[in-house]
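# Structure at a glance
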Amino acid sequence: QVRLVESGGGLVQAGGSLRLSCEGSGRTFSSNAMGWFRQAPGKERSFVAATSGSGSGSSTYYLDSVKGRFTISRDNAKNTLYLQMNSLKPEDTAVYYCAASRWGSAISATKDYIYWGQGTQVTVSS
């Protein structure tokens, strides 16, 4: 069974940091682009960041509002994706999901991601 499992969420004060992890199992995701998405209460799931898979260059892509604050990375030897989140703001509060794309190049479209984790809650207090 193919699975992606997020961890590292929690409660943090504004200006603080969290590091999210997403561990894959059931297949190797090294050649797939991987992404992070988030969903706040009453809102649609939206793109946060993506990184390319091996064989598709070395690219990252970020939502404008998180550029300079969030960093996406991966450790293919561990089949794990990370999201380092610094200078967190209350508007970052959401359930964060990791996902694997059908393509190798980094993309933002939700429809192109075919494997999804169950999410981890991030709450930023003011």
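Residues numbered from 1 in each chain as written. Predicted model: local features only at pLDDT ≥ 70, side-chain atom pairs only at ≥ 80, totals over all residues. Heavy atoms only, no water.

## Quick word on the sheet that holds strand 1 (residues 3-7)
Think of a sheet as strands paired side by side through backbone hydrogen bonds, with each pair either parallel or antiparallel. Across the sheet, four strands lie side by side as 1-3-8-7; this open sheet has antiparallel pairing. Each edge of the sheet is formed by a strand with only one pairing partner; in this case those strands are strand 1 and strand 7 (70-75). When strand polarity is set aside, the average angle formed by the axes of neighbouring strands in this sheet is 15 degrees. Relative to strand 3 (residues 18-25), strand 1 is paired through five bridges, and the arrangement is antiparallel. Bridge pairing links Val-5 to Glu-23 in strand 3. (Pairing = 2+ DSSP bridges. Helix = DSSP H or I, 4+ residues; strand = E, 2+ residues; numbered from the N terminus. Axes fitted to C-alpha atoms, helices over the stretch in contact; angles between N-to-C directions.)

## Some thoughts on the state of the cysteines
All chains considered together, the criterion is met by one disulfide. Here Cys-22 is linked by a disulfide to Cys-98, with a sulfur-sulfur distance of 1.9 Å. Across the disulfide from Cys-22 to Cys-98, rotation about the S-S bond amounts to roughly 55 degrees, and the bridge is consequently right-handed. On the criterion of sequence distance, the pair formed by Cys-22 in strand 3 and Cys-98 in strand 9 (residues 94-101) is long-range, its members being 76 residues apart. Both residues of the pair, Cys-22 and Cys-98, count as buried. (Disulfide = S-S within 2.5 Å. Buried < 20%, exposed > 50% of the residue type's maximum accessible area, 1.4 Å probe, protein only.)

## Some words on the pairing of strand 11 (residues 120-125)
The side-chain alternation of strand 11 yields one buried face, formed by Thr-120, Val-122 and Val-124, and one unburied face, formed by Gln-121, Thr-123 and Ser-125. Looking at chain direction, strand 2 (residues 10-13) and strand 11 are connected through four bridges and run parallel. Paired with Val-12 across the strands is Val-124, a residue of strand 11. Strand direction decides the pairing type here: strand 9 and strand 11, joined by three bridges, are antiparallel. Note on strand 11: the bridge partner recorded for Ala-94 is Val-122.

## Considering the environment of Ala-99
Counting through the fold element by element, Ala-99 comes out in strand 9. On the basis of relative accessibility, which here comes to 0%, the residue Ala-99 falls in the buried class. When near neighbours in sequence (up to four residues on either side) are disregarded, Ala-99 contacts Leu-4, Ala-33, Met-34, Gly-35, Phe-37, Tyr-113, Tyr-115 and Trp-116. (Contact = heavy atoms within 4.5 Å.)

## Looking at the packing of aromatic side chains
What the rule picks out here adds up to six aromatic pairs. Relative to Phe-47, the ring of Phe-37 has its centre 5.8 Å away and its plane inclined at 75 degrees; by these criteria the two rings are edge-to-face. Taken together, the residues span a long stretch of sequence, with Phe-37 in strand 4 (residues 34-39) and Phe-47 in strand 5 (residues 46-51) at a distance of ten residues. Neither residue differs from the other here; Phe-37 and Phe-47 are each classed as buried. Clustering of aromatic rings is evident, with ring pairs tying together Phe-37, Phe-47, Tyr-61, Tyr-113 and Trp-116. Between the NZ or CZ atom of Arg-19 and the centre of the ring of Tyr-82, over which it lies, the distance is 4.0 Å. (Phe/Tyr/Trp six-rings, centres within 6.5 Å; stacked < 30°, edge-to-face > 60°. Lys NZ or Arg CZ within 6 Å of the ring centre and 35° of its normal.)

Shape is all these values report; function is a separate question.
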